[in-house]
Amino acid sequence: MDYSHVRDVDPAVADALSEEVQRQRDTLAMIASENHVSEAVLEAQGSALTNKYAEGYPGERYYAGCEYADEVEQLAIDRATDLWGADHVNVQPHSGTQANMAVYLAMLDPGDKILSLDLTHGGHLSHGHPANFTGKTYEVEQYEVDAETGYVDYEGLAETAETFDPDIIVSGYSAYPREVDFERVQAVADSVDAYHLADIAHITGLVAAGVHASPVGVADFVTGSTHKTIRAGRGGIIMCDEEYADAIDNSVFPGAQGGPLMHNIAGKAVGFAEALDPAFEAYAEQTVANAKALAETLQDAGLELVSGGTDNHLVLVDLRPSHPDTTGKDVEAALEDAGIVMNANTVPGETRSAFDPSGIRLGTPALTTRGFDEAATREVGELIVRVVDNYDDEAVVEDVSERVQELCEEFPLYE
Ligand SMILES: Cc1ncc(COP(=O)(O)O)c(C=O)c1O
């Protein structure tokens, strides 16, 4: 990755690109929504397909010269169908948010009602936050996680659905460490005659590998990201039953988007092919095993985890019980200095602000891509605890950063 062509034209951007690769090599990416794609996916994403306009769908394009675009998009669709088993797949959404947008546009009218999980309880902006188009376009009511257990309060969801009478219920979350009971959400949706959108952005890869229950064939619509627990490059995807296929396709194009990002769709095709290899199942299982090892390490050191543990790829720490005077941002900054990149996060019952919340969210997908097993992840957990306990002690942070460097060399990236 020398970016020699970029360097000839634009040394400033070439420097930034090279430094970004080096930053990824020299730090541990523990933002739960991040991962490292293969060089094959990078190459596909950087291909000449970026030049191609291909409005429409394979075999039905509004432009000439789409022979290879058709081939690539059909491969992405066929592989996604194999991975998740949906009747119909649309691989054109530019992102997870735009996948959700296309579902709302297809099924709702402005002013219709969305019932979704509160953002501070683990939901996502595109599920109805006031700052997002969803909050501005639709009437939104939210359900919560149980204050005691940290698990989705399915009974509360059913009660709110009864009184609110939503048009669509959204399940699937951004900062929820437990298995989602899609069947239970579907039963609530059925009881109030609402659609059910399962947004599996975070767990797309876990569902594909069978290590998390699948909402495909349960929920009316399933949306996802292609760059989190599955390593297919940045983008979104929508899956649905055949009866909604035309509505969804028309909603993505021409409803919400213009020309598809064909180079990204090539990245999706390659990443999906990689995920169809049996090795991917082992990767997904290891991702979860590593998250559990991390959770145990943090708990053994006295940190409190929302819901008391994890079933998936992420851990959410509530700092308030163990470190009442330390904020998520304090820890985020100190860990970044130590070479561990994660994010401060709101927690259920948040008492600070979204900008300086009381929690931290840690994920294992990227570490697992680098080859970390449970023992290595436990060590990372111990390093995290040292920084949490001593976030304002430069000597400790420096000491931890030296060990992080060694781990980065032991588990190399983009060699
Ligand atoms: C549950 C959920 N949905 C949607 C998205 C949006 O994905 P994107 O950033 O690709 O728009 C995210 C992103 O983290 C997410 O967590």
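Residues numbered from 1 in each chain as written. Predicted model: local features only at pLDDT ≥ 70, side-chain atom pairs only at ≥ 80, totals over all residues. Heavy atoms only, no water.

An unreviewed UniProt entry lists the protein under the name Serine hydroxymethyltransferase, with Halobellus clavatus given as the organism. Recorded in UniProt for the protein, the comment headed Subunit (unreviewed entry) runs: "Homodimer." Heading Cofactor (unreviewed entry) of the UniProt record for the protein holds this comment: "pyridoxal 5'-phosphate". (UniProt positions renumbered as here; feature names shortened; annotations may be inferred.)

K.L.:
Please clarify how the UniProt feature "domain: Serine hydroxymethyltransferase-like" (unreviewed entry) in the protein should be interpreted in this entry.
P.N.:
Feature annotation in UniProt assigns "domain: Serine hydroxymethyltransferase-like" (unreviewed entry) to the following positions: residues 7-384. Between the end C-alpha atoms of residues 7-384 there is a gap of 37 Å, over a span that is 43% helix and 15% strand. (Helix = DSSP H or I, 4+ residues; strand = E, 2+ residues; numbered from the N terminus.)

K.L.:
Would you mind showing me how to read the sheet that holds strand β6 (residues 139-143) here?
P.N.:
Reading across from one edge, β4-β10-β9-β8-β7-β5-β6 is the order of the seven strands in this open sheet, with mixed pairing throughout. Looking along the sheet, the strands with just one partner apiece sit at the ends: β4 (88-90) and β6. In this sheet, neighbouring strand axes are inclined to one another by 20° on average, regardless of whether the strands run parallel or antiparallel. Judged from the four bridges that link them, strand β7 (residues 168-171) and strand β8 (residues 195-199) form a sheet pairing that is parallel. Looking across to β8, one finds that V170 is bridged to L197. Along the sheet, helix α10 (residues 245-256) contacts β4, β9 (221-225) and β10 (236-240); its crossing angle with β4, the most-contacted strand, is approximately 0°. (Pairing = 2+ DSSP bridges. Axes fitted to C-alpha atoms, helices over the stretch in contact; angles between N-to-C directions. Contact = heavy atoms within 4.5 Å.)

K.L.:
Please clarify how the packing of aromatic side chains should be interpreted in this entry.
P.N.:
To describe a pair of aromatic rings, one takes the distance between the centres and the angle between the planes. Tallying each qualifying case throughout the model produces twelve aromatic pairs. Where F221 meets Y244, the ring centres are 4.7 Å apart and the plane angle is 45°; that geometry is what we call tilted. Highlighted residues: F221 in strand β9 and Y244 in the loop between β10 and α10, separated in sequence by 23 residues. Under the relative-accessibility criterion, Y244 is labelled buried at 11%. Taking the ring centre of F164 as reference, the NZ or CZ of K113 above it sits at 5.1 Å. (Phe/Tyr/Trp six-rings, centres within 6.5 Å; stacked < 30°, edge-to-face > 60°. Buried < 20%, exposed > 50% of the residue type's maximum accessible area, 1.4 Å probe, protein only. Lys NZ or Arg CZ within 6 Å of the ring centre and 35° of its normal.)

K.L.:
When you look at the UniProt feature "modified residue: N6-(pyridoxal phosphate)lysine" (unreviewed entry) in the protein in this model, what are you seeing that I'm missing?
P.N.:
Per the UniProt entry, the sites bearing "modified residue: N6-(pyridoxal phosphate)lysine" (unreviewed entry) are K228 in this numbering. Mapped onto the elements, K228 comes out in the loop between β9 and β10. Owing to a relative accessible area of 12%, K228 belongs among the buried residues under this scheme.

K.L.:
What is the right way to read the pattern of salt bridges from this model?
P.N.:
Opposite charge on two side chains permits pairing when their charged atoms draw close. If you walk through the whole model with that rule in mind, you get eleven salt bridges. Ionic pairing is found between E73 and R61, a salt bridge with its closest N-O pair at 2.8 Å. Placement of the pair is E73 in helix α4 (residues 67-84) and R61 in strand β3 (residues 60-61), with a sequence separation of twelve residues. Like E73, the residue R61 is buried in the burial classification. One continuous salt-bridge network, built from bridges that share partners, spans E379, R403, E406 and E410. (Salt bridge = Lys/Arg side-chain N within 4 Å of Asp/Glu carboxyl O.)

K.L.:
What is the right way to look at the domain arrangement of the protein in this model?
P.N.:
Size of an interface: often given as the accessible area lost when the parts come together. As assigned here, the protein comprises domain 1 (43-276) and domain 2 (286-410). A straight line from the C-alpha centre of domain 1 to that of domain 2 covers 28 Å. On the side of domain 2, 20 residues touch domain 1, which itself brings 20 residues to the contact. Between domain 1 and domain 2, a total of about 1,500 Å² is buried, with carbon and sulfur atoms accounting for 56% of that surface. Of all residues in domain 1, T120, P177 and R178 bury the most surface against domain 2, accounting for 37% of the area lost on that side. Between D311 and R178 there is a salt bridge, with the nearest N and O atoms lying 2.9 Å from each other. At the junction of domain 1 with domain 2, the criterion picks out eleven residue pairs in polar contact (both at pLDDT 80 or more). Of the residues in the side of domain 1 that touches domain 2, the class split is nine nonpolar, seven polar and four charged. (Domains from an automatic or database assignment. Buried area = accessible area lost by both parts, 1.4 Å probe. Polar contact = N/O pair within 3.5 Å; in protein donor to acceptor, adjacent residues only side chain to side chain. Nonpolar A, V, L, I, M, F, W, Y, C, P; charged D, E, K, R; others polar.)

K.L.:
Mind showing me how you'd approach the site of the ligand here?
P.N.:
Around the ligand, the neighbouring residues are S95, G96, T97, H124, Y173, S174, D199, A201, H202, S225, H227 and K228. One nitrogen or oxygen atom from the main chain of G96 is found 2.9 Å from an oxygen atom belonging to the ligand. Contacts to the ligand include H202, whose side-chain N or O atom sits 3.4 Å from an oxygen atom. Summarising the interface, the protein chains cover 85% of the accessible area of the ligand, which totals 390 Å² for the free molecule. The residue makeup of the shell around the ligand, split by class, is two nonpolar, eight polar and two charged. (Near = heavy atom within 4 Å. Areas by Shrake-Rupley, 256 points an atom, 1.4 Å probe, with all protein chains shown as cover.)

K.L.:
Any chance you could explain the nonpolar core here in plain terms?
P.N.:
Nonpolar side chains in soluble globular proteins tend to be buried together. If you look at the biggest cluster of nonpolar residues, it comprises 57 residues, and the most contacted ones within it are W84, I169, M239 and F272. When residues in this core are grouped by element, the largest group, seven residues, is from α4. Among all residues touching I169, those that are not within four sequence positions of it are L115, L157, A161, V185, V188, A189, V192, A194, Y195, H196 and L197. By size, the runner-up hydrophobic cluster in this structure holds 34 residues, among which are V380, V388, V396 and F411. (Core = buried A, V, L, I, M, F, W, Y, C linked by side-chain atoms within 4.5 Å.)

K.L.:
How do you make sense of the sheet that holds strand β12 (residues 314-318) when you look at a structure like this?
P.N.:
Sheet strands associate in pairs through backbone hydrogen bonding, adopting either a parallel or an antiparallel arrangement. Pairing within the open sheet is antiparallel, and its four strands lie in the order β11-β12-β15-β14. Lying at the two open borders of the sheet, with one neighbouring strand each, are β11 (304-305) and β14 (343-345). Across five bridges, the pairing between β12 and strand β15 (residues 359-363) is antiparallel. By the bridge assignment for β15, L316 is matched with R361. Those strands touched by helix α12 (residues 278-300) are β11, β12 and β15, and its axis lies near 20° from that of β12.

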